[in-house]
Amino acid sequence: MGPHPAVAAIRLAVRRVLHDILTEQPPTPDTRRTPARGAARPRTPDAERVPAPGTRRTVPVPVRAAHEESAGSLPRPGGDAPAPLVLVACSGGADSMALASALAFEAPKLGIRAGGVTVDHGLQPGSGLRADEVVLRLTDLGLAPAESVAVTVGREGGPEAAARDARYAALDSAAERHGATAVLLGHTRDDQAETVLLGLARGSGIRSLSGMAAVSGADGRYRRPFLHLDRQTARKACMVQSLPVWDDPHNADPAYTRSRLRHEGLPALEKALGKGVVEALARTAQLSRDDADALDAWASQAEASVRDAAGLLECAKLYALPPAVRRRILRRAAIEAGAPAGSLFARHIEEIDRLITGWRGQGAINLPGKVVAQRQGGRLVIRQG
């Protein structure tokens, strides 16, 4: 008898991503056939085995490594390159615990080393202890290395954005420190639907409506295997495997926009429009992403044709382009001049665009990052002010 359908679904999703990762790796003998020496062996716990508070020493440094693997990182016999390492970002919630269990099961069969990282945001009492408990759960699954990383969350962009920035910085650092090929994230179809609605509320354009990419980050570091699976599938997979999960109280706190959307907004939409809203929003994300990618490619090709011999943007040629293509060129030019991408909003690009489409002799436009855009002699000049 095979595994429970929920378990089979999460394992299949992870297996496909791991196959993609192997396909992208430089060919090395036996990579697809022989498990790496010291590769993690999956063990699904029958019950939670977490020590009582105070019984496990917490090392008072930002990184608390619970289990480090050395053999798996060594070159293979005969001089072969070491097996690739894939990390899972695990909060201890149902989505990421299901992802961790699937990675622990699938990675050894493909000769891939599997590890895990949990990020302690320090936003709740006892967060360090909970992070250590997650590390123990990852270790119990057979993941190595398994560690927690403590971060300091700032305030820029609001609490949710600041926490996200700190988390990704920690994951980037962990991936570079361990030489990981990829980091798996447990975002589900439900998360994708929420992201699309948040983008729609901001009025940020088609790129925001495209939600989260299945592959993102530098060199495709971040992979999201569960974007086509719903949240209940992940939770069910944890339940049938007796995997303990932690429900973050922030996910139910109405002070957070995403929490209100999850518990109030989406249920209200489903009540008004019927079931299937989440699936439709996720489908919208994929269609929007395809369109946005095509427009980005068009803008890249068109950019050279609207610059003069000195490299300045010619307003007349920009005016002739479709607005969606023109605005992409303007956004890229502003970022190249030093405007932070995260602070450059649609209203900024619209103001620059008016220098081309609604020229009435207006003055320079101040952009984030002390960047200035102005029209001079039929040319658009975007530079540091």
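In this report, the structure presented in the accompanying data block is examined. (Residues numbered from 1 in each chain as written. Predicted model: local features only at pLDDT ≥ 70, side-chain atom pairs only at ≥ 80, totals over all residues. Heavy atoms only, no water.)

**A closer look at the overall build of the protein chain**
Per the secondary structure count, the protein chain includes twelve helices and eleven strands. A buried classification covers 46% of the 385 residues belonging to the protein chain. Long-range contacts, defined as pairs at least 24 residues apart, comprise 71% of the intrachain contacts of the protein chain with a sequence gap of at least 6. (Helix = DSSP H or I, 4+ residues; strand = E, 2+ residues; numbered from the N terminus. Buried < 20%, exposed > 50% of the residue type's maximum accessible area, 1.4 Å probe, protein only. Contact = heavy atoms within 4.5 Å.)

**A short note on the environment of A337**
Residue position: A337 is located in the loop between helix 11 (323-336) and helix 12 (346-357). Taking relative accessible area as the criterion, A337 reaches 17% and is therefore assigned buried. Separated by 36 residues in the primary sequence, A337 and A373 have C-alpha atoms spaced 9.6 Å apart. Setting aside anything within four residues of it in sequence, one finds A337 in contact with V371, I382, R383 and Q384.

**Focus on the packing of helix 2 (residues 94-106) against helix 3 (residues 127-141)**
One way to put it is that helix 2 packs onto helix 3 with a least axis distance of 9 Å and a crossing angle of 25 degrees. When the axes of helix 2 and helix 3 are compared, the pair comes out roughly parallel. For the pair helix 2 and helix 3, the crossing hand works out as right-handed. Of helix 3, the residues touching helix 2 (which contributes M97, A100, S101 and A104) are R137, L138 and L141. Across the contact of helix 2 with helix 3, the residue classes break down as five nonpolar, one polar and one charged. (Axes fitted to C-alpha atoms, helices over the stretch in contact; angles between N-to-C directions. Parallel < 35°, antiparallel > 145°, perpendicular 65-115°, else oblique. Left-handed = near helix turned anticlockwise from the far one by under 90°. Nonpolar A, V, L, I, M, F, W, Y, C, P; charged D, E, K, R; others polar.)

**Describing the sheet that holds strand 8 (residues 313-314)**
As summarised here, the arrangement of the four strands in space is 8-11-10-9, forming an open sheet in which the pairing is antiparallel. Among the strands making up the open sheet, the edge pair consists of strand 8 and strand 9 (365-367). Two strands pair when backbone bridges link them, and strand 10 (residues 371-376) and strand 11 (residues 379-384) are joined in this way by six bridges, in the antiparallel orientation. The residue of strand 11 that forms the bridge with V372 is R383. Packed onto the sheet, helix 11 meets strand 8, strand 9, strand 10 and strand 11 and runs at close to 35 degrees relative to strand 11. (Pairing = 2+ DSSP bridges.)

**Focus: helix 1 (residues 5-24)**
The first and last C-alpha atoms of helix 1 sit 29 Å apart over 20 residues, in line with the 28 Å expected at 1.5 Å per residue. Inspection of helix 1 places A6, V7, I10, R11, A13, V14, V17, L18, I21 and L22 among the buried residues, and these make up the whole buried set. Looking at the packing, one finds that the buried side of helix 1 touches strand 2 (85-89), helix 2, strand 5 (182-184), strand 7 (222-223) and helix 7 (231-240). (Expected span 1.5 Å × (residues − 1).)

**Quick word on the nonpolar core**
One finds V14, L18, L103, L143 and F226 to be the most contacted residues of the largest nonpolar core, which totals 38 residues. Among the elements of the structure, helix 1, strand 2, helix 2, helix 3, strand 5 and helix 7 are those that each provide at least two residues to this core. It is helix 1 that contributes the most residues to this core, nine residues altogether. For L103, the contacting residues outside a window of four places in its chain are V14, L18, V86, L87, V88, P108, A114, G115 and L184. Counting residues in hydrophobic clusters, the runner-up holds 26 residues, among them A302, L344, V371 and I382. (Core = buried A, V, L, I, M, F, W, Y, C linked by side-chain atoms within 4.5 Å.)

**Description of the packing of helix 8 (residues 257-273) against helix 9 (residues 277-303)**
Put simply, helix 8 and helix 9 touch, their axes get as near as 9 Å, and they point 105 degrees apart. Accordingly, the angle class assigned to the pair helix 8 and helix 9 is roughly perpendicular. In this structure, helix 8 uses L266, L269, E270 and L273 to contact helix 9, whose residues at the interface are V277, V278 and L281. Residue classes in the contact of helix 8 with helix 9 are distributed as six nonpolar, no polar and one charged.

**Comments concerning the pattern of salt bridges**
Scanning all chains against the criterion turns up 25 salt bridges. A salt bridge links R15 to E106, with the nearest nitrogen and oxygen atoms 3.1 Å apart. Separated by 91 residues along the polypeptide, R15 in helix 1 and E106 in helix 2 bring together distant segments of the chain. Relative accessible area serves as the criterion here: at 29%, R15 is assigned to the partly exposed category. (Salt bridge = Lys/Arg side-chain N within 4 Å of Asp/Glu carboxyl O.)

**Digging into the pairing of strand 3 (residues 113-120)**
For strand 3, the buried fraction is high: eight of the eight residues fall into the buried class. Burial of the side chains of strand 3 extends over both faces: R113, G115, V117 and V119 are buried on one face and A114, G116, T118 and D120 on the other. Sheet topology places strand 2 next to strand 3; five bridges connect them, and they run parallel. The partner of V88 across the bridge, within strand 3, is G116. Where strand 3 and strand 4 (residues 146-150) come together, five bridges link them in parallel fashion. Looking at strand 4, one finds that G116 is bridged to A146. Where the polypeptide runs from strand 3 across helix 3 and back to strand 4, its parallel neighbour, the crossover connection is right-handed. (Right-handed = clockwise from strand over helix to strand, strands pointing away.)

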